[in-house]
Each structure stands twice: as structure tokens, then as C-alpha cells.
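Observations on the three-dimensional arrangement
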Amino acid sequence: MRLDQLSQARAGEISVTWRSFLLRTEPKTTDRDEFAAYTQSWLRPAEMEPAAHFRTWDDSSDEPPASSLPAQVTAKAVERIAPEASRQLHWALLEAYFTQNRDISNWDVLREVATAAGAPAPAYDELLAEAGNEKNAKA
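Residues numbered from 1 in each chain as written. Predicted model: local features only at pLDDT ≥ 70, side-chain atom pairs only at ≥ 80, totals over all residues. Heavy atoms only, no water.

So, on to helix H5 (residues 86–99). In this model H5 runs 19 Å from its N-terminal to its C-terminal C-alpha over 14 residues, within 8% of the 20 Å that 1.5 Å per residue would give. All of the buried residues in H5 are Ser86, Leu89, Ala92, Leu93, Ala96 and Tyr97. Mapping the buried residues of H5 onto a view down its axis gives an arc of 125 degrees, with all of them on the same face. As for H5, its buried residues are in contact with helix H2 (32–38), helix H4 (69–81) and helix H6 (107–116). The positive-phi residue at the C-terminal boundary of H5 is asparagine 101, with phi of around 55 degrees. (Helix = DSSP H or I, 4+ residues; strand = E, 2+ residues; numbered from the N terminus. Expected span 1.5 Å × (residues − 1). Buried < 20%, exposed > 50% of the residue type's maximum accessible area, 1.4 Å probe, protein only. Arc of directions from axis to C-beta. Contact = heavy atoms within 4.5 Å.)

Counted by the stated rule, this structure contains five salt bridges. Here arginine 55 ties to aspartate 59 by a salt bridge, and the two come within 3.3 Å at their closest N and O atoms. (Salt bridge = Lys/Arg side-chain N within 4 Å of Asp/Glu carboxyl O.)

A few words on H6. For H6, every residue scored as buried is listed here: Trp107, Val109, Leu110, Val113 and Ala114. Angularly, the buried residues of H6 cover 155 degrees about the axis, an arc narrow enough to put them on a single face. For H6, the elements touching its buried residues are H4, H5 and helix H7 (121–130). Two to three positions downstream of the cap, the backbone nitrogen of aspartate 108 sits 2.8 Å from a side-chain oxygen, assigning the N-cap of H6 to asparagine 106. Taken from the residues just after H6, glycine 118 is the one with a positive phi, measuring 120 degrees. (Polar contact = N/O pair within 3.5 Å; in protein donor to acceptor, adjacent residues only side chain to side chain.)

Take the environment of valine 109 next. For valine 109, the location among the structural elements is in helix H6. In this structure the C-alpha to C-alpha distance between valine 109 and threonine 17, which are 92 residues apart in sequence, comes to 25 Å. Sequence-distant contacts of valine 109, defined by excluding residues within four places in its chain, comprise Arg102 and Asp103.

A word on the packing of aromatic side chains. In the structure shown here, the tally under the stated rule is eleven aromatic pairs. Aromatic side chains tryptophan 42 and phenylalanine 98 sit 4.7 Å apart centroid to centroid with 65 degrees between the ring planes, which places their arrangement in the edge-to-face category. You can see tryptophan 42 sitting in the loop between H2 and helix H3 (43–48) and its partner phenylalanine 98 sitting in helix H5, a full 56 residues away along the chain. By relative accessible area, tryptophan 42 is classed as buried at 4%. Of the aromatic side chains, those joined through ring pairs into one cluster are Phe35, Tyr38, Trp42, Phe54, Trp57, Tyr97 and Phe98. (Phe/Tyr/Trp six-rings, centres within 6.5 Å; stacked < 30°, edge-to-face > 60°.)

As C-alpha cells, then:
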């Protein structure tokens, strides 16, 4: 958030480029109660950054994400088919995970987040199908 503010204040002087960092590439089922307890650690950075909005998973009905790979595939797909929506998707994924407590390893959730960020649904579905994720692409 502060990077965006700095980038806007110093337009033309600073360029922010987001890089990929896969945290959990292999699908893993996480105990929901353990994950909810882990998200309590988000409260400390939330106190230090007033523009950040975190919500712990204590009151969420969604399961925790099983892998970071589907969100990464979605980000790369949107970069390819709708580069202008890529930055919006970045923030939308962070919000979906940290604020809305949504399972961003779920392809249906990712499709919804990607299209809300501006990716055209047919192109997104087609690209997923090309990438071998036919079962995850909508018909």
C-alpha cells in the first residue's frame, strides 16, 4: 500500500514490479483450527500499518488455501490476457485472502476474483484449458 503511494507521489521516478513467490506449491490440507490460530499473527502487522486490513480466520466458513500455485497460475494468466487488470488482481488476491478469508487455491474463487479485477471470463477459461487445467475452466 505504501509502495503504491510512493510510486504515485514519485511518478516517473519509481517503478514497482511485483515478483512471484510461491509459498506452498504442493497441495496440503491444513487443519482449520491450526490455521485460524496462525492467522492471529496477522494482528501485529495490522496494528503497525493502518492502511492494511487483516481479518483472522476465526469466523470464516471457508477452508484455508491448500496451495499457492492456483493463485500464481491465475496471476500469470491475467498478465497474459489482460495486462491492464494485473495490478488490480494483485490487490484483489491480497484482499480475498487477508480480508475476506477466501480460499484462493479454489479455482471458482480465483475465476471470480480475476473477472472482478477485469479479466475477461472467456479468455481466462480458455487459457486455463490450454494450460491443462480443463477441469478448472468453466464450460
